[in-house]
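What follows is the residue order along each chain.
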Amino acid sequence: MHENLHRAMLPIGFLLFSIYILYGLVSRPGSASSYSYLGGLIFVEIVVAALWNYHRSLFPMLMLVFLSAGTDTPLKGLGTSARWLVLAAGALVGFIIYMRGNHSFATIHLLGLFCIIAALVSAMVSNYPKLALLKTGSLLLVLLYGACGARLGVIGREAKFVAGLLWGCEIVVYFSAFEYFVLHEPFFGNPNSLGVVTGIVTTPVLLWGAIVSAGTRSYPRRIFALLISVLLVLSSYSRAGIGAAVLSSVLLCLATRHYRLLLKGGLIALAAAFLIAATVPLPDNHDVHTDTLVDVFLYKGKTEEGVFGSRQSPWTQTSAIIRAHPWFGSGFGTSITSIEGWQIDYAFQSTYGSLREHGNSYLEILEWVGILGMVPFVLLIGTIAVNAARATAALFRSADPMSPLAPITMILIAGLGHAAFEDWLFAPGYYMCVLFWALAFVQADLLALAAPAVAPRPRYSAFDVRGDYGVFSPGR
């Protein structure tokens, strides 16, 4: 009886929602001609359809909505508010579905809960308590989705997930190349955001896709997409993004014994760097009077300031605020700025007066929650780092890239390194933050499944993984 009631809940909810919409149309006939009303109605229907097919559709839709909010698209305004609707629905529905099944939680999930508690405590002492509470609620939704919803969408269907991730990366690099190299439009806005996407996600994933598809007809296409991704990350001049791409790519090639590919890739990347330096100007119109790649990519034409010249000011400001509020911080998601009196309250984004660059996600969270509140965050990040090290060590031992742990681990390693120079790791409204934490919880499950004490290591069919569509499935 309870099972039948559970299956009927969504159709009943959809029926009630439809009746409500019909009532609104009858009571306010003019609303039927409103583009915003009809657009919102269509979007809600799409969300309901994604929830109906939760395991397959929710994760891609969530990432698309967050991308639309963080990129220069006509849907940016809708995405800014709609992302929270999709995230809340995905987190809550995912939690309900997950708790009804054979659910299990580990230390990493408990640490996530402690992080939320620490963020709540810091919100009580914040200069912007309302904003701090909203930010904490956003972080709760991100972690809840990662702990439940993302696991539902990946575990048990790892092959389809990584195949979809690979296809998604190909689409992103082709579209981004058209925007940046043909239309000369900054699709991702800030060049550092282009570095985030291409350095942390597309480059290591496409390199992995090229490795597993060697000898097939899809191999040239994936090599071409990888080359485009390398050109894009270099054109961003984002040192953190380039460093993240180099770190993950070198680790992946060494672990899988692809030394020749590493050497060839390094030479091609060097040639690509010369091409970008000669054809793509530095951001902010820096005038660089040098022909050396070191000055262009490492110093960005500001040799006199040093490698970390652009980070000195935000790091100094952050350190000063940490010393002024050492124990409980300034409040999660809020920062003390010089323009505190110029706050503007937005419904779906941060207030203007509470925003400030930190140049380091780890310093940022220390400023927000203080030394006491930092403890669970350090343990959580440390657990993710340990899991990534375990997965990398297993990859070195086996030299087998077929496991879905390979691309996921490379994304997490690149993300952990990149976060030391950018602020996105604990920014719940940013698409990379959502992706990172979802994959972090998924990786913990995949490691547990790969442990011999829990379950035998799955075997994957080499024929399927190397196929044109990049889909692989457990062998029988």
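Residues numbered from 1 in each chain as written. Predicted model: local features only at pLDDT ≥ 70, side-chain atom pairs only at ≥ 80, totals over all residues. Heavy atoms only, no water.

Draft legend 1. Local environment of helix α11 (residues 259–279). Between its first and last C-alpha atoms α11 spans 30 Å; for 21 residues at 1.5 Å apiece the expected length is 30 Å, and the two agree. Looking only at α11, the buried set comprises Ala272, Ala273 and Ile276. Down the axis of α11, the buried side of the element spans an arc of 110°, and every buried residue falls inside it. Along α11, the residues that are exposed and aim more than 90 degrees away from the buried face are Arg260, Leu263, Leu267 and Ala278. (Helix = DSSP H or I, 4+ residues; strand = E, 2+ residues; numbered from the N terminus. Expected span 1.5 Å × (residues − 1). Buried < 20%, exposed > 50% of the residue type's maximum accessible area, 1.4 Å probe, protein only. Arc of directions from axis to C-beta.)

Draft legend 2. Structural view of the environment of Pro428. Among the structural elements, Pro428 can be located in the loop between α15 (405–418) and α16 (431–450). If near-sequence neighbours (up to four positions away) are discounted, Pro428 is found in contact with Phe66, Trp84, Lys135, Ser138, Leu139, Val142, Cys433 and Val434. (Contact = heavy atoms within 4.5 Å.)

Draft legend 3. The arrangement of the packing of helix α5 (residues 107–123) against helix α14 (residues 361–398) in detail. Relative orientation of the contacting elements α5 and α14 amounts to 160°, with a least axis distance of 9 Å. With respect to α14, the element α5 is oriented roughly antiparallel. Every pair of crossing elements has a handedness; the one defined by α5 and α14 is left-handed. Residue-level contacts link Ile108, Leu111, Gly112, Phe114, Cys115, Ala118, Ala119 and Ser122 of α5 to Trp368, Val369, Gly373, Pro376, Phe377, Leu379, Leu380, Thr383, Ile384 and Asn387 of α14. (Axes fitted to C-alpha atoms, helices over the stretch in contact; angles between N-to-C directions. Parallel < 35°, antiparallel > 145°, perpendicular 65-115°, else oblique. Left-handed = near helix turned anticlockwise from the far one by under 90°.)

Draft legend 4. Main features of the nonpolar core. Judged by nonpolar contacts, the single largest core of 118 residues is most densely connected at Tyr145, Phe377, Met432 and Trp437. The dominant element in this core, judged by the number of residues it contributes, is α16, at 15 residues. Apart from residues lying up to four places away in sequence, Met432 is in contact with Val196, Ile200, Val201, Ile411 and Trp424. (Core = buried A, V, L, I, M, F, W, Y, C linked by side-chain atoms within 4.5 Å.)

Draft legend 5. Molecular detail of the confidence of the model for the chain. Across the chain, the average pLDDT comes to 81, with 76% of residues at 70 or higher. Below a pLDDT of 50 lies the segment residues 338–348, which in the model reaches 19 contacts outside its immediate sequence neighbourhood of four places, other chains included. The low-confidence segment residues 453–476, where pLDDT is below 50, has 56 contacts with residues more than four positions distant or belonging to other chains. (pLDDT = per-residue confidence, 0-100.)

Draft legend 6. Representation of the pattern of salt bridges. Going through the model one piece at a time under the given rule, you end up with three salt bridges. Asp445 is the partner of Arg151 in a salt bridge, and the nearest nitrogen-oxygen pair spans 2.5 Å. On the criterion of sequence distance, the pair formed by Arg151 in helix α6 (residues 129–154) and Asp445 in helix α16 is long-range, its members being 294 residues apart. Asp445 shares its class with Arg151; the two are buried. Look at the salt bridges and you will find they share partners, linking Glu170, Arg221 and Arg222 into a network. (Salt bridge = Lys/Arg side-chain N within 4 Å of Asp/Glu carboxyl O.)

Draft legend 7. Representation of helix α9 (residues 219–235) within the structure. Taking 1.5 Å per residue as the helical rise, α9 with its 17 residues ought to reach 24 Å, and the 24 Å between its terminal C-alpha atoms agrees with that figure. For α9, the complete set of buried residues consists of Arg222, Ala225, Leu226, Ile228, Ser229, Val230, Leu231, Leu232, Val233, Leu234 and Ser235. Contacts from the buried residues of α9 go to α7 (158–182), α8 (191–212), α10 (239–255), α11 and α12 (293–298). Tyr237 lies just past α9 and shows a positive phi near 55°.

Draft legend 8. Focus on the side chain of Thr71. Examined against the element boundaries, Thr71 turns out to sit in the loop between α3 (54–70) and α4 (76–100). Assessed through its relative accessible area of 2%, Thr71 is described here as buried. A distance of 2.5 Å separates a polar atom in the side chain of Thr71 from the backbone oxygen of Leu67. Here Thr71 is in contact with Lys76, Phe187 and Phe188, once residues within four sequence places are set aside. (Polar contact = N/O pair within 3.5 Å; in protein donor to acceptor, adjacent residues only side chain to side chain.)

Draft legend 9. Molecular detail of the environment of Ser398. Position of Ser398 relative to the elements: it lies in helix α14. Between the C-alpha atom of Ser398 and that of Arg257, which follows or precedes it by 141 residues, the distance is 9.8 Å.

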